Structure formats: structure tokens, C-alpha cells
Amino acid sequence: MSAILTPSTAQTPPHPARELWNYFSQNRGAVIGLVIVIVLVVLALSADFIAPYSPIEQYRDATLVPPMWQAGGSSKFILGTDPVGRDMLSRLIHGTRLSLVIGLVSVSLSLTIGVVLGLIAGYFRGVVEVALMRLMDIMLALPSLLLAVAVVAILGPGLMNAMYAIAIVMLPHYARQTRAAVIGEMSKDYVNASRIAGAGTVRLMFNCILPNCAAPLIVQATLGFSSAILDAAALGFLGLGAQPPTPEWGSMLASALEFIQSAWWVVTFPGLAILVSVLAFNLMGDGLRDALDPKLKR
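Residues numbered from 1 in each chain as written. Predicted model: local features only at pLDDT ≥ 70, side-chain atom pairs only at ≥ 80, totals over all residues. Heavy atoms only, no water.

1. Regarding the pattern of salt bridges
Heads up, the rule is: Within this document, salt bridges are pairs made up of a side-chain nitrogen of Lys or Arg and a carboxyl oxygen of Asp or Glu, the two lying within 4 Å of each other. Per-residue accessibility, obtained with a 1.4 Å probe over protein chains only, is compared with the maximum for each type, and a residue is labelled buried under 20%, exposed over 50%, and partly exposed between these values. Here a helix means four or more residues in a row that DSSP labels H or I, a strand means two or more in a row labelled E, and each is numbered from the N terminus.
With the rule as written, the count across this model stands at 10 salt bridges. A salt bridge links Asp82 to Arg86; the nearest nitrogen and oxygen atoms lie 2.8 Å apart. Of the residues examined, Arg86 reaches a relative accessible area of 10% and is grouped as buried. With a closest N to O distance of 3.6 Å, Arg289 and Asp286 form a salt bridge. You can see Arg289 and its partner Asp286 sitting in helix α12 (residues 265-292), three residues apart, about one turn around the helix. Under the relative-accessibility criterion, Asp286 is labelled partly exposed at 28%. Within the structure, one salt-bridge network assembled from shared partners comprises Asp82, Arg86 and Arg91.

Written out as C-alpha cells, the structure reads:
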């Protein structure tokens, strides 16, 4: 007799999270990026315990001490000190927390507002869509850093205002992507069925359509972290972001620029921190894009 398949013997499909991980883990670069991001998060959360010194404490008798492996270095300061005697390692670790907070706040603000605007434009279409999208086009026509500088110039220099400026710069990307995804979902059968069943406008927008547009938005938000870190570093370098003595990577670069030839470590280490963090988020975002997009799955 032939075996009869029962629900217990039939092969059950993998859990969506497990399936996502299976596709994601096939991309080695994405896994490396994820590991680096996890390390950055751990450093940010435990900065007060891991950092050997306070990031703003000055040791006036130990200014511009080179790293411990270089001649004249000291094991007391592993990565050396800056021009006013602050420990470079401690400032880099605390700068990790600041950069991740900037990315989280900026991406959260721009994602929330952009999703709402994109939903409205894609659902109602017509004059509303034209007005919102032309405004987004105008914002996209301006160089992102120039727009961020203009916003900070209006609001005033400072860390919070830099976050608002970065959120405004990234807003058009989320709005346009949400609008495109909503337009694609509006013609689907489940939307028509929900409308016939009596679902209201708000329920259709947020309960039916938005969850099916989440995949590209998650990828864009992950990539947005790297853009936010870069923009924050640029604003800090120009003196419009975090103000001294806040240990922000861009402001660390700006304060040490005149020592680029005589003390390489005060410029190299903050630059490497920006490079590694941006690269990690980009690699992780690429892996998420490959795993969430059926056309790109290996």
C-alpha cells in the first residue's frame, strides 16, 4: 500500500524568520556587516563600563600621546590622546553610542513622516499626490548636505537640530518609496475585497496596504542609518552638529585637522570608525534587500 500523507508527516514550511535568515546568511558580506553592527550596538550600550576613561576628561600632561605600539606611546592610552589630552579610545567608544542614537532618531523621524506622506499620496492620488511629490522632488533636487546645512542654519547648531536636519534630508526617499509601493498594492484583489467588506480608509491604509509595503521600507531604513551617520559626521566636521566636547566622530575630525601630519592617530581612528560603521550598515542593508526581494533571492 502506498503511504498516506497526513498533516503530521507532511513537510511543514519553514518559519518566515528562519527562511529570511537562510537567505540572508547566504550573503557573507551581509553576515559580516550584521556582526559589526551587533558589536557597535554592544559598545554603545556598555560604553560607560567598557571605556577606560571619561570621554571629556583631560590629561594636560599627556597631550598628543601616540598609540601604545608606537614609539613614545603608553599602555595607559591604547589609541593615544588628542590635542587636549583626552583618551582617544574612550571618545571613540562613546562616539559609537552618539552615532547610533543619531541614526535611530533621524531614521525614525523621517520614516514615520515619510510613510504617512507616501500613504496619503499613493492612496488618494490626484492633486494631493501631485502637491506632495513635487515638494519631495524639490527637496531631492538640492544636494543633501547643502539642504542639511540650510536647515541647521535656520534652527541653529546643535545635536538635536542636526538630527532634525538629517531627518528632513532623508524624508523624500521614504515618501516616494512608500507611494510607489502603495500604488502597486492598490490594484491587488485583497484591497478590493477589504473595501467591499466595509473596511474604512484608515484601516485600508494602515492595516491592509502598509504591512505589504514593509519590506522595501525596512531595507531603506537600514541603509538610511549609514547616510545618517555620514551626514552627522559632515555636520559635526563643519561645526554645525554636536558641539565640543561631545565625542562625536565628525567633530573629533574637525578639532584635530591641523594635526593631520604631526599626529596621524587623531584623524585616522575617527575616520576609520565612520568608514567601518557605514560599510557595515550598507552590507547589512544589501543582504536584507536580497533576502526580502523574491527576484533577488539566490
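Having seen it, we continue.
2. What to know about a nonpolar patch on the surface
Here is the rule we go by: For patch detection, residues must exceed 30% relative accessible area and be free of salt bridges, and they are connected within 9 Å for like charges or within 5 Å for nonpolar side chains (Val, Leu, Ile, Met, Phe, Trp, Tyr). Where accessible areas are quoted, they stem from the Shrake-Rupley method and a 1.4 Å probe; at the residue level, only the protein chains shown are allowed to cover.
Judged by side-chain polarity, Leu109, Ile154, Leu155, Met160 and Tyr164 come together as a nonpolar surface patch covering roughly 480 Å² of accessible area. Where the nonpolar patch is concerned, the elements lending two or more residues are α6 (144-155) and α7 (159-186). Summarising the element assignment, Leu109 is placed in helix α4 (residues 88-124).

3. Re the side chain of Thr81
Rule in force here: Definition of a polar contact: a pair of N or O atoms within 3.5 Å, with one able to donate and the other able to accept a hydrogen when the atoms are protein atoms, and with sequence-neighbouring residues admitted only if both atoms are side-chain atoms. Two residues qualify as a contact provided that any one of their heavy atoms is within 4.5 Å of a heavy atom in the partner residue.
Residue position: Thr81 is located in the loop between α3 (47-50) and α4. Here Leu64 takes part through its backbone nitrogen, which lies 3.1 Å from a polar atom of the side chain of Thr81. Not counting residues within four places of it along the chain, the set of residues in contact with Thr81 comprises Ala62, Thr63, Leu64, Val65, Arg86, Asp87, Met88, Trp265 and Val266.

4. Some points on helix α5 (residues 126-141)
Where we set the bar: Residue count minus one, scaled by 1.5 Å, sets the expected span of a helix. Working note: the arc is built from the helix axis to C-beta atom directions.
With 16 residues, α5 should reach 22 Å at 1.5 Å per residue; the first-to-last C-alpha distance of 22 Å fits that figure. Looking at α5, one finds that the buried residues are Glu129, Leu132, Met133, Met136 and Met139. The arc enclosing the buried residues of α5, seen along the axis, measures out at 110°, which places them on a common side. Turned more than 90 degrees away from the buried face of α5 sit Val127, Ile138 and Ala141, all of them exposed.

5. A few points about the nonpolar core
Convention followed: To qualify as a nonpolar core, a set must consist of buried Ala, Val, Leu, Ile, Met, Phe, Trp, Tyr and Cys residues joined through side-chain atoms within 4.5 Å.
Membership of the largest hydrophobic core comes to 58 residues, with the highest contact counts inside it found for Met88, Leu92, Met136, Ile166, Trp249, Val266 and Phe281. Contributions of two or more residues to this core are made by α2 (28-45), α4, α5, α6, α7, α10 (214-237), α11 (249-255) and α12. Not counting residues within four places of it along the chain, the set of residues in contact with Val266 comprises Leu64, Thr81, Asp82, Pro83, Met88, Met252, Ala256 and Phe259.

6. Some remarks on the confidence of the model for the protein chain
Keep this limit in mind: The pLDDT score gives, residue by residue, the confidence of the prediction method on a 0 to 100 scale.
Overall, the predicted model of the protein chain reaches an average pLDDT of 88, with 95% of residues at or above 70. Between the elements of the protein chain, mean pLDDT differs from a low of 80, seen in helix α1 (residues 16-25), to a high of 94, seen in α2.

7. Topic: the packing of α7 against α10
To keep things clear, this is the line we draw: A fitted line through C-alpha atoms represents every axis, and for helices the fit uses only the stretch in contact; the resulting angles, taken between N-to-C directions, go from 0 to 180 degrees. By definition in this entry, angles of less than 35 degrees are roughly parallel, angles greater than 145 are roughly antiparallel, angles of 65 to 115 are roughly perpendicular, and the rest are oblique. In this scheme the crossing of two helices becomes right-handed for a clockwise turn of the near helix relative to the far one and left-handed for an anticlockwise turn of less than a right angle. When residue character is reported, Ala, Val, Leu, Ile, Met, Phe, Trp, Tyr, Cys and Pro are called nonpolar, Asp, Glu, Lys and Arg charged, and the others, Gly included, polar.
Relative to each other, α7 and α10 sit at 150°, their axes nearing to 10 Å. Comparing their axes, α10 and α7 come out roughly antiparallel. For α7 against α10, the interelement crossing comes out right-handed. Touching Ala162, Ile166, Val169, Met170, His173, Tyr174, Gln177 and Thr178 of α7 are Pro216, Leu217, Gln220, Ala221, Gly224, Ser227, Ala228, Asp231, Ala232 and Leu235, all from α10. Grouping the constituent residues of the contact of α7 with α10 by class yields 11 nonpolar, six polar and one charged.

8. Describing the environment of Ala221
The topology assignment puts Ala221 in helix α10. Every residue in contact with Ala221, bar those within four places of it in the chain, is listed here: Val107, Leu111 and Tyr174.

9. Examining the packing of aromatic side chains
As a reminder, the rule being used: Only the six-membered ring of Trp is used, alongside the rings of Phe and Tyr, when aromatic pairs are assigned; centres must lie within 6.5 Å, and planes under 30 degrees apart are stacked while those over 60 apart are edge-to-face, with the rest tilted.
The full count for this structure, using the stated rule, is nine aromatic pairs. Ring centres of Tyr53 and Tyr59 lie 5.4 Å apart, and the angle between their planes is 70°; on these two criteria the pair is classed as edge-to-face. A relative accessible area of 15% means that Tyr59 is categorised as buried. Arranged with centres 5.2 Å apart and planes meeting at 80°, the rings of Tyr123 and Phe124 form a pair that is edge-to-face. An aromatic cluster is built from Trp69, Trp264, Trp265 and Phe269, whose rings are joined through pairwise contacts.

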